[in-house]
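# A look at the structure
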Amino acid sequence: MNTSVTTYTPADVEIKPRRMHFPFGDIKERFFFSGNSLLSVFFGALSATFPPGEAEFIASVRQYRDRITDPQLQDQIKGFIGQEGHHSHQHKQINEALRHLGIDAVRLEKHLQRDIQRFTRRKFATPKLRLAMTVGMEHMTAIMAEFVLKNPQVLEPLEESVRDLLYWHAVEEIEHKAVAFDVYMQLEGDRKYLRRVLKLVTVMFNVRIAFYMVALLWWARKLPSWSDIKGFRRFMYGEKGMLSNIRQPYRDYFKEGFHPWDHDNRELIVKWQNELRRNKTQEV
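All values reported here derive from a predicted model rather than from experimental measurement.

### Here's the deal with the overall build of the protein chain
Of regular secondary structure, the protein chain possesses 10 helices and zero strands. Its helices and strands in sequence order give the protein chain the pattern α-α-α-α-α-α-α-α-α-α, from N to C terminus. Here the C-alpha radius of gyration of the protein chain, 18 Å, is about what a compact globule of 284 residues would show, namely 19 Å. Its C-alpha atoms give the protein chain principal-axis dimensions of about 55 × 45 × 35 Å. Looking at the protein chain as a whole, 57% of its 284 residues qualify as buried. Residue pairs at least 24 apart in sequence account for 84% of intrachain contacts in the protein chain once pairs closer than 6 positions are excluded. Carbon and sulfur atoms form 53% of the exposed surface of the protein chain, whose accessible area is close to 13,500 Å². Side chains of the protein chain give 43 positive and 35 negative charges; the mean places of these two sets differ by 7 Å.

What follows is the structure, encoded as structure tokens:
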């Protein structure tokens, strides 16, 4: 246990859930990302993981909540739970919209929910392992969120409701990116274990997303075109590609003394508020 950790979310970053509404009825095409089947099923697969995945993130942090004595961190846990809960709700809504278009993200959502339920019943799924997995996944979502907000042009081909969902989700992932980490460091403090678990969840996540993409294409009876493949490769590995740009932030997790707020990107929250959040009426 390490009780000497004093690095927390900056005081001027408020972790407060925003209750949003997005009109997903504006999604008209099955392959809604520029007509590219691979990019469309990638985002469909990603969205499918959020409702059950974020429910597990909440559950893993709640197992430690009563042992936290720091009132600031307690408030942040409350905000984290509220934000993740509403992310789950909104992704359930878009998953239903995608299902009606022929990308059955709901089926995958239920598949992951069953897998998580089986996993959490296993003896080896200790509170420490579950929280460490949450910390690792929160790091991955935070660096993907940073990429999206730094490069908003990559989402321009999407319908406005989908863009707005992803920008909002990204902002709140940045706001609460250190909460699970700080809970873990306060009550477990084993950094070597965190690093091992991040490697594990990275492999698990990539395999699952690949499997889910194949499943969505199979159910849609769609064989990707050469143009789809080139577009997907450019999105992932091009100069402005997602994987090209998150490699270094990912590796920073393995540095001695790493903390999520070593990447102080509060300016991206302001950028969303002032530039990317076009429709102020979405908050309810």
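### Considering the UniProt feature "transmembrane region" (unreviewed entry) in the protein chain
Listed under "transmembrane region" (unreviewed entry) in the UniProt record, and renumbered for this structure, are residues 200–220. Helix and strand shares over residues 200–220 are 95% and 0% respectively, and the end C-alpha atoms of the span are 30 Å apart.

### Some remarks on the packing of helix α4 (residues 127–150) against helix α10 (residues 266–276)
Viewed as axis vectors pointing N to C, α4 and α10 meet at an angle of 40°, and their least axial separation amounts to 10 Å. With respect to α10, the element α4 is oriented oblique. For the pair α4 and α10, the crossing hand works out as left-handed. Contact with α4, carried on its side by E146, L149 and K150, involves L268, K271 and L276 of α10 and no other residues of that element. Each residue belonging to the contact of α4 with α10 can be placed in one class, and the counts come to three nonpolar, no polar and three charged.

### Digging into the packing of aromatic side chains
As enumerated under the stated definition, the model contains 13 aromatic pairs in all. Members of the aromatic cluster, connected to one another through ring pairs, are F33, F42, F43, F232 and F235. If you follow K128 out to its NZ or CZ, it ends over the ring of Y193, 4.4 Å from the centre. Above the plane of the ring of W218 lies R221, whose end atom (NZ or CZ) is 5.5 Å from the centre.

Here is what the cut-offs are and how they apply
Residues numbered from 1 in each chain as written. Predicted model: local features only at pLDDT ≥ 70, side-chain atom pairs only at ≥ 80, totals over all residues. Heavy atoms only, no water. Helix = DSSP H or I, 4+ residues; strand = E, 2+ residues; numbered from the N terminus. Rg over C-alpha atoms; globule rule 2.2 N^0.38 Å. Buried < 20%, exposed > 50% of the residue type's maximum accessible area, 1.4 Å probe, protein only. Contact = heavy atoms within 4.5 Å. Areas by Shrake-Rupley, 256 points an atom, 1.4 Å probe, with all protein chains shown as cover. Lys, Arg positive; Asp, Glu negative; His and termini not counted. Charge placed at Lys NZ, Arg CZ, Asp CG, Glu CD. UniProt positions renumbered as here; feature names shortened; annotations may be inferred. Axes fitted to C-alpha atoms, helices over the stretch in contact; angles between N-to-C directions. Parallel < 35°, antiparallel > 145°, perpendicular 65-115°, else oblique. Left-handed = near helix turned anticlockwise from the far one by under 90°. Nonpolar A, V, L, I, M, F, W, Y, C, P; charged D, E, K, R; others polar. Phe/Tyr/Trp six-rings, centres within 6.5 Å; stacked < 30°, edge-to-face > 60°. Lys NZ or Arg CZ within 6 Å of the ring centre and 35° of its normal.

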